[in-house]
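# Residue-level structure breakdown
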Amino acid sequence: MYYIKHLTGFFQKVSQDKMLKPTHISLYIALFQYWNFSRFRNPINISRDELMTISKINSRATYHKCLKNLHASGYIDYRPSYDPFTGSKVFMLDLTVEKPNPKQAVK
């Protein structure tokens, strides 16, 4: 996993996405950190309380809204668990963007 390419792709996508707010970005970066700790393996098990603390989101409603928006926009694949003893899972989707080859540019 080329995490720099992934983050670069994320920020390129974010810069064009008018729907995302700072809370979405903060939550995504917290999820990225979880993914980093798991050595970039999918899925990652998430803890709402820990993610809210890391991302500085104070409202459960905002947290869940941001997770659902990130899922709907194709940044993550969110698999909620409705069992309080089993954590929800998140698959981090590939957001890497390769630089275009100037020799292949359309004339």
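Just so it is clear, the structure is predicted and the values come from calculations on it, not from any experiment.

Rules behind the numbers
Residues numbered from 1 in each chain as written. Predicted model: local features only at pLDDT ≥ 70, side-chain atom pairs only at ≥ 80, totals over all residues. Heavy atoms only, no water. Axes fitted to C-alpha atoms, helices over the stretch in contact; angles between N-to-C directions. Helix = DSSP H or I, 4+ residues; strand = E, 2+ residues; numbered from the N terminus. Parallel < 35°, antiparallel > 145°, perpendicular 65-115°, else oblique. Contact = heavy atoms within 4.5 Å. Phe/Tyr/Trp six-rings, centres within 6.5 Å; stacked < 30°, edge-to-face > 60°. Buried < 20%, exposed > 50% of the residue type's maximum accessible area, 1.4 Å probe, protein only. Lys NZ or Arg CZ within 6 Å of the ring centre and 35° of its normal. Core = buried A, V, L, I, M, F, W, Y, C linked by side-chain atoms within 4.5 Å. Salt bridge = Lys/Arg side-chain N within 4 Å of Asp/Glu carboxyl O.

## Quick word on the packing of helix α2 (residues 22-37) against helix α4 (residues 60-72)
- Between α2 and α4, the least distance of the axes is 10 Å, while the angle of their chain directions is 80 degrees. The pairing of α2 with α4 is recorded here as roughly perpendicular in orientation. Residues Thr23, His24, Leu27, Tyr28 and Leu31 of α2 form the contact with α4, whose own contacting residues are Thr62, Tyr63, Cys66, Leu67, Asn69 and Leu70.

## Quick look at the packing of aromatic side chains
- Counted according to the given criterion, the structure contains eight aromatic pairs.
- Here the aromatic rings of Tyr28 and Tyr75 are separated by 6.3 Å at their centres, their planes lie at 70 degrees, and the arrangement is edge-to-face. Of this pair, Tyr28 sits in helix α2 while Tyr75 sits in the loop between α4 and β2 (76-79), placing them 47 residues apart in sequence. In terms of burial, Tyr28 and Tyr75 fall into one category: buried.
- Here the aromatic rings of Phe32 and Trp35 are separated by 5.8 Å at their centres, their planes lie at 80 degrees, and the arrangement is edge-to-face. Note that Phe32 and Trp35 are positioned in helix α2 at a spacing of three residues, about one turn of the helix.
- Its relative accessible area of 6% is what places Phe32 among the buried residues.
- Using a relative accessible area of 3% as the deciding quantity, one classes Trp35 as buried.
- Among the aromatic residues, ring-to-ring pairing joins Tyr3, Phe32, Trp35 and Phe40 into one connected group.
- The cationic tip of Lys5 hangs over the ring face of Tyr2; the distance from NZ or CZ to the ring centre is 5.0 Å.
- In this structure, Lys13 is placed above the aromatic ring of Tyr75, and the distance from its NZ or CZ to the ring centre is 4.4 Å.

## Thoughts on the nonpolar core
- Counting 25 residues, the largest nonpolar core has Leu27, Tyr28, Leu31, Ile46, Tyr75, Ile76 and Met92 as the members making the most contacts within it.
- When contributions to this core are tallied by element, the ones reaching two or more residues are α1 (3-16), α2, β1 (44-46), α3 (48-55), α4, β2 and β3 (88-92).
- Looking at this core element by element, the count peaks at seven residues for α2.
- Discounting residues that sit within four places of it in the chain, Tyr75 has contacts with Phe10, Lys13, Val14, Asp17, Leu20, Tyr28, Leu70, Leu93 and Leu95.

## A few points about the pattern of salt bridges
- For the structure shown, the criterion picks out two salt bridges.
- Note that Asp49 is salt-bridged to Arg48, the shortest N-O span being 3.8 Å.
- For Arg48, a relative accessible area of 30% corresponds to the partly exposed category.
- With a shortest N-O distance of 2.8 Å, Arg79 and Asp77 are connected by a salt bridge.

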